[in-house]
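Fold and contact review
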Amino acid sequence: MFKLGGMQRWRLLCDLLEEGVAVEPALAIAPVDRRSVVSLFSRLRTGDGQANPLPWYVKLRAMGDIVPAPWGGHLATSYSLCHQVLRSRAWRVPDSGWRARQVDTARWKAPASRQMGGTLPMLNPPDHTRMRRSVGNVFDRNSLAVMKNSVERTVNRLLDRLDEELVFGTADFCALVSDELPVITIGEWLQLPPSDYALLRSLTHDQVFTQELFPTRSQLALSDEATGNCASISPRW
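Since we're looking at a predicted model, the values are computed, not measured.

Here is what the cut-offs are and how they apply
- Residues numbered from 1 in each chain as written.
- Predicted model: local features only at pLDDT ≥ 70, side-chain atom pairs only at ≥ 80, totals over all residues.
- Heavy atoms only, no water.
- Helix = DSSP H or I, 4+ residues; strand = E, 2+ residues; numbered from the N terminus.
- Salt bridge = Lys/Arg side-chain N within 4 Å of Asp/Glu carboxyl O.
- Buried < 20%, exposed > 50% of the residue type's maximum accessible area, 1.4 Å probe, protein only.
- Patch = residues over 30% accessible without salt bridge, like charges linked within 9 Å, V, L, I, M, F, W, Y side chains within 5 Å.
- Areas by Shrake-Rupley, 256 points an atom, 1.4 Å probe, with all protein chains shown as cover.
- 1 Å grid on protein atoms, 1.4 Å probe; cavity = no way out; pocket = protein on both sides within 12 Å on 5 of 7 lines; lining within 4 Å.
- Points joined across faces, edges and corners; volume = space filled by probe spheres on them.
- Nonpolar A, V, L, I, M, F, W, Y, C, P; charged D, E, K, R; others polar.
- Core = buried A, V, L, I, M, F, W, Y, C linked by side-chain atoms within 4.5 Å.
- Contact = heavy atoms within 4.5 Å.
- Phe/Tyr/Trp six-rings, centres within 6.5 Å; stacked < 30°, edge-to-face > 60°.
- Lys NZ or Arg CZ within 6 Å of the ring centre and 35° of its normal.

**Re the environment of S36**
Its place among the elements puts S36 in helix α2 (residues 34-44). Sequence separation between S36 and P68 is 32 residues; the distance between their C-alpha atoms is 9.5 Å.

Following this line, the structure appears as structure tokens:
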């Protein structure tokens, strides 16, 4: 038995990634209790953690390059390591087939999770390549030029609103700009009535829980309900 230093461990992980070898055996080099990771993420999700996440990010990075994730996988804490994983063809995303093989049916086989497994970011080749080509035909240069003008107008309007709020003190950028911009952009592209934007935003907020690292059962239920509501409303849209 031998122990690797931080730099040696990092180089070993990079070499394994370059070769397309699973890095899971390297976890024994610096074991981390999964419950410690869960506790850290629980603190990160509090109001104080959201207001100032940097101290918790530092604690997470201090646990090592790879730590056990709450949902049973592993979490890469290094930007360079994440970059290599995302660019390597040896790694795949948790697509519908992967989700169907998991034993945690409440987590991975729920309606919201199954729908997410069919989206473009959650497809592996050749399905990903095929869908990306189809989407590319929809978003040609002319379509993107039209959307660019729409996005610029929306951004200017939302930033003006943010400036107006800042006159009276503090303002929430996320609520006034970040939350609104994608909903308005998608709403205008789909030619939805502005009166439906609030509903679209609400459904999006609820549906995103299925992508969390360790959602609660009540949050997964909200995601499933939002998925069903989207399916029932989409014909009207």
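Now, onward.
**Brief notes about the pattern of salt bridges**
Applying the stated rule across the entire model yields 4 salt bridges. Residue E152 is joined to K148 by a salt bridge in which the shortest nitrogen-to-oxygen separation is 2.7 Å. In this pair, E152 and K148 are both assigned in helix α10 (residues 141-166), 4 residues apart and thus about one turn of the helix distant. What makes E152 partly exposed here is its relative accessible area of 39%.

**Section: a nonpolar patch on the surface**
On the surface, a cluster of nonpolar side chains totalling about 350 Å² of accessible area is made up of V138, I186, W189 and L190. Tracing the backbone through its elements, the reader meets L190 in the loop between α12 (180-189) and α13 (197-207). Classification of L190 as partly exposed rests on a relative accessible area of 38%.

**Digging into the layout of surface pockets**
By volume, the second largest pocket is sized at about 1000 Å³. Forming the boundary of the second largest pocket are 26 residues, of which M116, T119, I186, T204 and Q207 lie nearest the centre. With 6 residues, α13 is the single largest residue contributor to the lining of the second largest pocket. Along the lines of polarity and charge, the residues of the lining of the second largest pocket split into 17 nonpolar, 7 polar and 2 charged.

**Considerations on the nonpolar core**
V37, L40, F41, L44, L60, M63, V67, A69, L75 and F214 form the largest nonpolar core, which has 10 residues in total. Among the elements that make up this core, the one with the highest residue count is α2 (4 residues). In this view, V67 contacts V32, V37, L60, H74, L75 and T77; residues no more than four positions away in its chain are not counted. Core analysis: the second largest hydrophobic core is formed by 9 residues, V183, I184, L192 and Y197 among them.

**Some details on the packing of aromatic side chains**
Under the defined criterion, the tally for this structure stands at 2 aromatic pairs. Between W98 and W108, the aromatic rings sit 4.9 Å apart at their centres with planes inclined by 85°, giving edge-to-face as the arrangement. Of this pair, W98 sits in helix α6 (residues 96-100) while W108 sits in helix α7 (residues 105-108), and the two are 10 residues apart along the sequence. Classification of W98 by relative accessible area gives partly exposed; the value is 23%. A cation over a ring is seen here: R107 above W108, with NZ or CZ 4.2 Å from the ring centre.

**Regarding unusual backbone geometry**
With an omega of 5°, the peptide bond running from P125 to P126 counts as cis. Mapping P126 onto the fold places it in the loop between α8 (111-116) and α9 (127-138). At Q191, a residue that is not glycine, the phi angle is positive and equals roughly 60°. Mapping Q191 onto the fold places it in the loop between α12 and α13.

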